[in-house]
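Each chain, written out:
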Amino acid sequence: MALPVAAARGPLWRLGPAALSPPRGRIPPPLAPAVSRSPLRSPVRSLSSRAASRALVAAVAAAARRVSARYERYLERSWPRFYLLHSTFKNGVQALFLEVQEIRRIRARMAQLQLSPQQLPYRDMERLRQFRRDVLKAIPIGIIAIPPFANFLVLLLMYFFPRQLLIRHFWTPRQQLEFLDAYDCRRRASHPAVLRALARAARSLPQAQPQQLLLQLCDQRALSQVLFLTPHLPAFLLRRRLRSHVLEIQHLDHALLHLGLGQLSEEELRAACYLRGLNSTHLGRAECQAWLEQWLRLSCELQASEASLLVHSMVLLALDPRQPPRDIPEGHPGG
């Protein structure tokens with residue numbers, strides 16, 4: 001087999017390198033690169049698919065809003081009482097969601113700037129205080145809802161006991177007035193006990209230091225009801241809670257004085273008066289503002305050690321809500 005191969009190479013070697021090259025004019029085309037079986041998506045096609053999905057979501061949301069609006073109109077015509085509960089619940093959920101977002105913003109700002117609650121502006125401080133009370137009020141109903149199939153019991157309890165179990169976001173406007181009046185009646189029921197204790201303290205306290213002993217001699221359980229605190233606690237816990245709540249109100253007073261009463265809305269003015277012992281649900285803006293001006297004059301002049309005077313002033317200054325409170329003269333048991 002080696003001989004034929006050598007014989008074949010002989011003529012080719014004599015012809016030179018030209019015999020080994022391809023003929024002229026017949027250059028083979030270069031090989032095309034391999035094409036992937038999974039072609040890449042174009043940016044235009046990707047953008048168009050996103051726009052189509054967004055348009056579909058917007059259309060579904062618009063259809064859902066139309067159906068919801070028709071359903072609410074039907075409820076309003078057919079079952080007005082149930083429509084009132086439905087709208088109150090829906091608005092309450094929306095308001096609660098917005099408030100949770102606002103609380104998260106305040107907490108993030110406090111962590112970023114390393115602020116304490118007492119260094120916040122008035123509205124942020126008041127929002128934190130109210131949100132904390134709402135959370136404490138919602139804890140019992142949350143515990144009841146833990147067992148399986150307890151949701152129906154929770155709904156019944158919330159329907160029959162809205163004042164005790166529901167937070168303010170889920171009260172109807174009529175319920176807000178009724179419940180605030182009911183709370184104020186319970187608060188006013190403790191006023192006679194506080195006044196009797198003040199009368200006894202005025203006769204027995206020495207003139208040198210009446211303010212330091214006033215809180216110890218007066219009825220702490222009655223004072224706790226004035227601040228809507230539970231009275232069923234040991235004496236040292238009651239004293240501690242009373243002091244912390246009164247100091248919190250005093251911090252709010254300083255922030256409110258810095259903000260200015262003219263910056264508050266009528267609803268905020270009424271809420272501020274109600275927190276400080278005055279039933280302002282049936283008072284106008286001018287009456288609330290005049291009462292708060294007198295209150296701030298007293299509160300911002302007191303020191304932290306005089307917290308007992310401030311908590312007793314919540315009773316004394318709320319005795320005649322139609323008239324602005326007067327300054328307490330020197331030598332008075334409250335001052």
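Residues numbered from 1 in each chain as written. Predicted model: local features only at pLDDT ≥ 70, side-chain atom pairs only at ≥ 80, totals over all residues. Heavy atoms only, no water.

### Observations concerning the packing of aromatic side chains
Our working definition: Here the aromatic set is Phe, Tyr and Trp, taking the six-membered ring for Trp, and pairing holds for ring centres within 6.5 Å; pairs whose planes are under 30 degrees apart are stacked, those over 60 apart are edge-to-face, and all others are tilted. A helix here means a DSSP run of H or I that spans at least four residues, while a strand means a run of E at least two residues long, and both kinds are numbered starting from the N terminus. Each residue is placed in one exposure class: buried if its accessible area under a 1.4 Å probe, protein chains only, is under 20% of its type's maximum, exposed if it is over 50%, and partly exposed if it falls in between. Lysine NZ or arginine CZ positioned within 6 Å of the ring centre and within 35 degrees of the ring normal marks a charge as sitting over the ring.
Scanning the model with the defined rule gives six aromatic pairs in all. Seen from their ring centres, W291 and W295 are 5.7 Å apart, and the 10° between their planes marks the pair as stacked. Of this pair, W291 and W295 are both found in helix α13 (residues 285-299), four residues apart, which corresponds to roughly one turn of the helix. By relative accessible area, which is 0% here, W295 ends up buried. Members of the aromatic cluster, joined through ring pairs, are Y183, F228 and Y274. The ring of Y183 carries the charged tip of R163 above its face, separated from the ring centre by 5.3 Å. When the ring centre of Y274 is taken as reference, the NZ or CZ atom of R187 above it lies at 4.6 Å.

### Digging into helix α11 (residues 235-259)
How we decide: Residue count minus one, scaled by 1.5 Å, sets the expected span of a helix.
Between its first and last C-alpha, α11 extends 36 Å over 25 residues, near the 36 Å set by a 1.5 Å rise per residue. Among all positions in α11, only L238, L242, H245, V246, I249, Q250, L252, D253, A255 and L256 are buried. Of the residues trailing α11, G260 is marked for its positive phi of about 100°.

### Things to note about the pattern of salt bridges
Quick reminder of the rule: Salt bridges are counted wherever a side-chain nitrogen of Lys or Arg sits within 4 Å of a carboxyl oxygen of Asp or Glu.
As enumerated under the stated definition, the model contains 14 salt bridges in all. Between E102 and R105 there is a salt bridge; the shortest N-O distance is 2.4 Å. Within this pair, E102 and its partner R105 are both found in helix α3 (residues 80-113), separated by three residues, close to a single helical turn. Given a relative accessible area of 24%, E102 falls into the partly exposed group. In this structure, the salt-bridge partner of D124 is R127, at a minimum N-O distance of 3.7 Å. Here the residue D124 and the residue R127 both occupy positions in helix α4 (residues 122-144), the gap between them amounting to three residues, near one helical turn. Of the residues examined, D124 reaches a relative accessible area of 10% and is grouped as buried. Under the relative-accessibility criterion, R127 is labelled partly exposed at 28%. Through salt bridges that share partners, E102, R105, D124 and R127 make up one connected network.

### Looking at helix α12 (residues 266-275)
Basically, it comes down to this: The contact criterion used is simple: two residues touch if any of their non-hydrogen atoms lie within 4.5 Å.
Inspection of α12 places L269, A272, C273, Y274 and L275 among the buried residues, and these make up the whole buried set. For α12, the secondary structure elements touched by its buried residues are α4, α7 (173-189), α11, α13 and α14 (307-316). Just downstream of α12 lies G277, where phi reads positive at about 105°.

### Brief notes about the packing of α11 against α14
Our working rule: Fitted lines through C-alpha atoms give the axes, limited to the stretch in contact for helices. The angle between two N-to-C directions lies from 0 to 180 degrees. An angle below 35 degrees is treated as roughly parallel, one above 145 as roughly antiparallel, one from 65 to 115 as roughly perpendicular, and anything else as oblique. Residue type decides the class: Asp, Glu, Lys and Arg count as charged, Ala, Val, Leu, Ile, Met, Phe, Trp, Tyr, Cys and Pro as nonpolar, and the leftover types, Gly among them, as polar.
At a closest axis distance of 9 Å, the pairing of α11 and α14 adopts a crossing angle of 80°. Between α11 and α14, the angle is such that the two are roughly perpendicular. Touching R243, V246, L247, I249 and Q250 of α11 are A307, L310, V311 and M314, all from α14. Class assignment for the residues of the contact of α11 with α14 results in seven nonpolar, one polar and one charged.

### Comments concerning the packing of α12 against α13
Angle between the axes and distance between the axes are the two parameters that describe a pair of packed helices. Put simply, the rule reads: We call a crossing left-handed when the near helix sits turned anticlockwise from the far one by less than a right angle, and right-handed when that turn is clockwise.
Direction vectors running N to C along α12 and α13 enclose 45°, while the axes themselves pass 9 Å from each other. With respect to α13, the axis of α12 lies oblique. When the axes of α12 and α13 are compared, the crossing they make is left-handed. Within the contact between the two elements, α12 uses E266, L269, R270, A272 and C273 and α13 uses R285, C288, Q289, W291 and L292. A class-by-class count of the residues in the contact of α12 with α13 yields six nonpolar, one polar and three charged.

### Regarding the confidence of the model for the protein chain
Formally: Known as pLDDT, the predictor's per-residue confidence is scaled from 0 to 100.
Mean pLDDT over the protein chain works out to 77, with 76% of the residues at or above the 70 mark. Throughout residues 1-20 the model reports pLDDT below 50, and contacts reaching past four residues in sequence, or to other chains, amount to one contact. Throughout residues 321-335 the model reports pLDDT below 50, and contacts reaching past four residues in sequence, or to other chains, amount to 25 contacts.

### Remarks on the layout of surface pockets
Our working definition: Detection works on a 1 Å grid of protein atoms alone, calling trapped sets that fit a 1.4 Å probe cavities and calling open sets with protein on both sides within 12 Å along at least five of seven lines pockets, with lining residues defined by an atom within 4 Å of a point. Grid points are joined across faces, edges and corners, and a volume is the space filled by probe spheres set on the points.
Each pocket or cavity is described by its volume, and for the second largest pocket that value is around 960 Å³. Taken together, 23 residues line the second largest pocket, and the ones lying closest to its centre are L85, M158, Y159, L166 and F170. Going through the elements one at a time, α3, α4, α5 (151-160), α6 (162-165) and α7 are the ones with two or more residues in the lining of the second largest pocket. It is α3 that contributes the most residues to the lining of the second largest pocket, eight residues altogether. Its residues placed into classes, the lining of the second largest pocket shows 16 nonpolar, four polar and three charged.

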